[in-house]
Amino acid sequence: MIGLTGGIATGKSLVSAMIMELGGQIINADLIARQVVEPGMPAWKQIVDHFGEGILNSNQTIKRKELGRIVFADADKLDQLNKITHPFIITEIERQLGCCRDSLDKEIIVIDAPILLELGLERLVDEVWVVTVDPAAQLERLMKRDNLSAEEAKLRIQAQMPLEEKVKRADRVIDNRHTPERKRKNR
């Protein structure tokens, strides 16, 4: 059982995809985080009650970019959002983990969670793997990927546990500065 983590835009998804290609089962915390805030879900209702209907699109989905602008500019609001969503995310990760263990189809089970350590999920895994990249590349990747300004991207990076701290708590560190092709050749 592996816990895969790292900072935003460090390349955890690439590493997850490579593990899946090798036959591993991935429990994707980012996907779960999106699912628990779908219209009508308990977390969605709490978020709307707290942040107001102004964060909703016409189809009742949450305007993720708008909510991000609100919470990453105010630590208290980010904390409130986390208090709403994290219990639902943890419950679903634990449920999926139980299903994976019961099925015994896969030898390798990976919890891919950017905030694995922040949520205390390392208690569920045998090893913690941290994906790293240099700060300039992380900033550039995040700006490009999410179409953010440098300031918006910096706020998102600063809202997470520093990569250096995650590395200190890692069993394995994956340096993700290189291209996907080079990584595949080196595995």
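Just so it is clear, the model here is predicted, and its values are computed rather than measured.

A.B. asks: Teacher, can you tell me more about the packing of helix α6 (residues 135-146) against helix α7 (residues 150-158) here?
C.D. replies: Working note: a packed helix pair is described by the angle between its axes plus the distance between those axes. At a closest axis distance of 9 Å, the pairing of α6 and α7 adopts a crossing angle of 115 degrees. Between α6 and α7 the crossing geometry is right-handed. Only Ala150, Ala153, Lys154, Arg156 and Ile157 of α7 make contact with α6, whose side of the interface consists of Gln138, Leu139, Leu142 and Met143. When its residues are assigned to classes, the contact of α6 with α7 shows six nonpolar, one polar and two charged.

A.B. asks: I would appreciate a short explanation of the layout of surface pockets in the present structure.
C.D. replies: To find the voids left in a structure, one rolls a probe of water-molecule size over its atoms. For the largest pocket, the calculated volume is near 1400 Å³. For the lining of the largest pocket, the elements supplying multiple residues, two or more each, are α1 (12-21), α2 (29-35), α4 (64-72), α5 (75-103) and α6. Of the residues belonging to the lining of the largest pocket, the class tally is 19 nonpolar, nine polar and 11 charged.

A.B. asks: Would you mind going over the nonpolar core with me for this structure?
C.D. replies: Side chains of a nonpolar character, in soluble globular proteins, are inclined to be buried together. Grouped together as the largest cluster of nonpolar side chains are 38 residues, with contacts concentrated most on Ile27, Ile47, Ile62, Leu67, Ile93 and Ile111. Here the element with the most residues in this core is α5; it accounts for eight residues. When sequence neighbours within four positions are dropped, the list of residues in contact with Ile62 reads Val37, Trp44, Ile47, Ile55, Leu56, Asn57 and Leu67. In this structure, Val15, Ile26, Trp129 and Ile174 belong to the second largest nonpolar core, which totals nine residues.

A.B. asks: Honestly, α5 in this entry has me stumped. Any pointers?
C.D. replies: Two residues of an α-helix separated by three or four positions point the same way, owing to the 3.6 residues in each turn. Taking 1.5 Å as the rise per residue, α5 with 29 residues should run 42 Å; its terminal C-alpha atoms sit 40 Å apart, in good agreement. In the structure, α5 departs most strongly from a straight axis at Thr85, where the bend amounts to approximately 35 degrees and where the proline Pro87 lies between one and four residues downstream. All of the buried residues along α5 are Leu78, Leu81, Ile84, Thr85, His86, Ile89, Ile90, Glu92, Ile93, Gln96, Leu97 and Cys100. On its buried face, α5 sits against β2 (25-28), α2, α3 (42-51), α4 and β3 (109-112). Measuring from the backbone nitrogen of Asp76 back to the side-chain oxygen at the start of α5 gives 2.9 Å, which picks out Asp74 as the cap.

A.B. asks: Can you help me understand α1 in this one?
C.D. replies: The set of residues buried in α1 consists of Lys12, Leu14, Val15, Ser16, Met18 and Ile19. One or two steps after α1, the chain reaches Gly23, where phi turns positive at roughly 105 degrees.

A.B. asks: Hey, could you run me through the packing of α4 against α7 in this one?
C.D. replies: Two numbers describe how α4 lies on α7: the axes approach to 10 Å, and their chain directions differ by 70 degrees. On the basis of the axis angle, α4 is roughly perpendicular to α7. Here α4 and α7 pass one another in a crossing that is left-handed. Here Lys65, Gly68, Arg69 and Phe72 of α4 come into contact with α7, specifically with Glu152, Leu155 and Arg156. The class makeup of the residues in the contact of α4 with α7 is two nonpolar, one polar and four charged.

A.B. asks: So what exactly am I meant to see when it comes to the sheet that holds β2 here?
C.D. replies: Through backbone hydrogen bonds, the strands of a sheet pair up, either in parallel or in antiparallel fashion. Pairing is parallel in the open sheet, where five strands are placed in the order β2-β3-β1-β4-β5. Since the sheet does not close on itself, it has two edges, and those belong to β2 and β5 (172-175), each with one partner. Across this sheet, the average inter-strand angle for adjacent strands is 25 degrees, counted without regard to direction. Here β2 runs beside β3; their pairing, made up of four bridges, is parallel. Its bridge partner lying in β3, Asn28 is registered against Asp112. In the packing of α1 onto the sheet, the strands contacted are β1 (2-6), β2, β3, β4 (127-132) and β5, and the crossing angle to β1 comes to about 155 degrees.

A.B. asks: Please explain the environment of His50 as it appears in this structure.
C.D. replies: Residue position: His50 is located in helix α3. In the structure, His50 is positioned 44 residues away from Gly6 in sequence and 29 Å away in space, judged by C-alpha atoms. Once you skip the residues sitting within four places of it in the chain, His50 turns out to touch Gln80 and Ile84.

What counts, and where the lines are drawn
Residues numbered from 1 in each chain as written. Predicted model: local features only at pLDDT ≥ 70, side-chain atom pairs only at ≥ 80, totals over all residues. Heavy atoms only, no water. Axes fitted to C-alpha atoms, helices over the stretch in contact; angles between N-to-C directions. Helix = DSSP H or I, 4+ residues; strand = E, 2+ residues; numbered from the N terminus. Left-handed = near helix turned anticlockwise from the far one by under 90°. Contact = heavy atoms within 4.5 Å. Nonpolar A, V, L, I, M, F, W, Y, C, P; charged D, E, K, R; others polar. 1 Å grid on protein atoms, 1.4 Å probe; cavity = no way out; pocket = protein on both sides within 12 Å on 5 of 7 lines; lining within 4 Å. Points joined across faces, edges and corners; volume = space filled by probe spheres on them. Core = buried A, V, L, I, M, F, W, Y, C linked by side-chain atoms within 4.5 Å. Buried < 20%, exposed > 50% of the residue type's maximum accessible area, 1.4 Å probe, protein only. Expected span 1.5 Å × (residues − 1). Bend = angle between axes of the 7 residues up to and from the residue. Polar contact = N/O pair within 3.5 Å; in protein donor to acceptor, adjacent residues only side chain to side chain. Parallel < 35°, antiparallel > 145°, perpendicular 65-115°, else oblique. Pairing = 2+ DSSP bridges.

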